[in-house]
Every structure is written in structure tokens, then in C-alpha cells.
Amino acid sequence: MRIVTSMSAAGYELYGRRFVQTAHHWPVPVTVYSEDDLPIPYRPFLDMAPLPEDTTDDYRFQAKKFSYKVFCILDSAKVGGKLIWIDADTVAFRRIPQVFLESLLPKGKWIAYLGRERMHSECGFVIYDCDKLGAFFDAWRGLYVTGELFKLAEWHDSFVFDYLREKMKIPSENISGPGKTAHHPFINSPLGKYLDHMKGARKHKGRSPRSDLVWKRPEEHWNAL
């Protein structure tokens, strides 16, 4: 099992530095990808789809912006084994037991993800059993390199992930728990016991506000707000 994420140079300054500073809490190796030079060890993107530049601020149609994550996963998946994608605007605030990570992907499931009831999944954390997902990864890559992606209703990674996972009937585990009805399922799921995800404007504040919680978490990180 291993962790993979990505960040640009600007992203490193805004949030990635915090991710790196708390990476010692992870019990498994962490690999960072980047399209820029970073002041930390990283892997460059070498196998990207030639997508056109995004022409909108609407995230639903920012294919190129969110393709970096996809091709980071596809490259790392070549090694096989269990792969965890996590967004780099995340911090670990306590040691994460490996047995906890392993429990999130039960036997017979190939993907663990943060599903939401009223919108697309939140793909800031996904576990992939790469040894079972060769066809899924090939199809995912194919959507980007052929341009078939642009025939979908939305073009960002989470929508495409849900579309393909459901179309291919991939055995999957929704780990959102109480967060399945929340806009911010990450911190309301079991992950919130160890992690905070500063999605969107939360990056500038350096943490998620208590108002994002849909239940009272007992961890000190959340009660110190």
C-alpha cells in the first residue's frame, strides 16, 4: 500500500507544504507528482493526454486542470498493489494506523471512495486495488486520449470516475459513513479521525471550519476550533 498525490509549485506554497510537513503521520510511502520544479523530492508528469487548455472557471468543465490527478494515478497504478490517492490540500493531524487504511477496502471490493447522495463523489481520497483494475484504468485513459471525455455531461475527474465506475460495475465501497449526505464528506467520514481536507477556499484558512461537520467529532483537532 502506498500514497500518491500531486501539486504545482503554486500549490506547494499554498497548501502542499503543510501536506509534506505532516506526511510523517502516514504509515506507508508517499509519492508526490508535479508539473513544476519543487523544493522536495517529486516525480514529473511524463504521460499526459494532449488536452486543450481550459476556457472556463466552472470546475465541471475543467478537463485539463483535473486531468493531472488522473494521469498521476494511472502512472502510479502500473506498479500494482493497493494505491491511495489523496489530494495534497490535506493534513494528517495524528498517526494513521496501517490497519485502519487496510480496513477501508474490504475483501471483494476493488475501490474505496467518498460517495455523496445528491452529487458526484468527492475524490480527494480513493483507494484502488490496482491488480484488479487494469480494464478500468485502460478505459479511464482512453476517455482522455481519444477525447470521448468531452461527450460526457461533465469533464472533471470526480464525474468521470463515477461514470466509469458505475458503467463497468466495479465492486466499490462507499466509506463516507455519516458524510454521505454532506457537501464535505471527507471530514465527516472515518477519515476525519486522522485527516483534514482543505478543499476549495479552505486552503487559505489552513483547516476546515466546524460548520462543515454534520456530527460532533470527538477528536481534539475538531474540538480546538
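Use the structure listed above.
Here we summarise the structure given alongside this text. Residue numbering note: each chain is counted from 1, following its sequence as written. Local features in this predicted model are restricted to residues of pLDDT 70 or higher, and side-chain atom pairs are both shown and tallied only at a pLDDT of 80 or more, whereas totals for entire chains, interfaces and linings draw on every residue. Working from all heavy atoms in the structure, the side-chain values ignore hydrogens and water.

This brings us to the pattern of salt bridges. Once their charged atoms are close, side chains differing in charge can pair, the charge on each being opposite to the other. Salt bridge, as used here: a side-chain nitrogen of Lys or Arg that lies within 4 Å of a carboxyl oxygen of Asp or Glu. Per the stated rule, a full pass over the model turns up 16 salt bridges. Here D162 and R165 are joined by a salt bridge, their closest N and O atoms 2.9 Å apart. In this pair, D162 and R165 are both assigned in helix α5 (residues 157-167), three residues apart and thus about one turn of the helix distant. Each member of the pair, D162 together with R165, is buried. Starting at the N terminus, helices and strands are each numbered in turn, a helix being any DSSP run of H or I of at least four residues and a strand any DSSP run of E of at least two. When accessible area is computed with a 1.4 Å probe and restricted to protein chains, residues below 20% of their type maximum are described as buried, those above 50% as exposed, and intermediate ones as partly exposed.

Moving on, we come to the nonpolar core. It is characteristic of soluble globular proteins that their nonpolar side chains tend to be buried jointly. Residues I111, Y128, F136, F137, W140, Y144 and F161 are the most contacted members of the largest nonpolar core, which totals 32 residues. Taken together, the elements giving at least two residues each to this core come down to α2 (63-77), β4 (82-86), β6 (111-114), β7 (122-129), α4 (134-145) and α5. It is α2 that contributes the most residues to this core, seven residues altogether. Beyond its immediate chain neighbours, meaning those up to four positions away, I111 contacts L105, V126, I127, Y128, L133, F136, F161, R165, I170, P171, S172 and E173. By nonpolar core we mean a set of buried residues, namely Ala, Val, Leu, Ile, Met, Phe, Trp, Tyr and Cys, connected to one another through side-chain atoms within 4.5 Å. Judged by nonpolar contacts, the second largest core, of 31 residues, contains Y12, W26, L105 and I187. Should any heavy atoms of two residues lie within 4.5 Å, those residues are counted as being in contact.

Quick look at unusual backbone geometry now. Within the chain, K169 stands out as a residue other than glycine whose phi angle is a positive 55 degrees. On the secondary structure map, K169 appears in the loop between α5 and β8 (172-174). Taking the relative accessible area as the measure of exposure, K169 reaches 70% and is therefore exposed.

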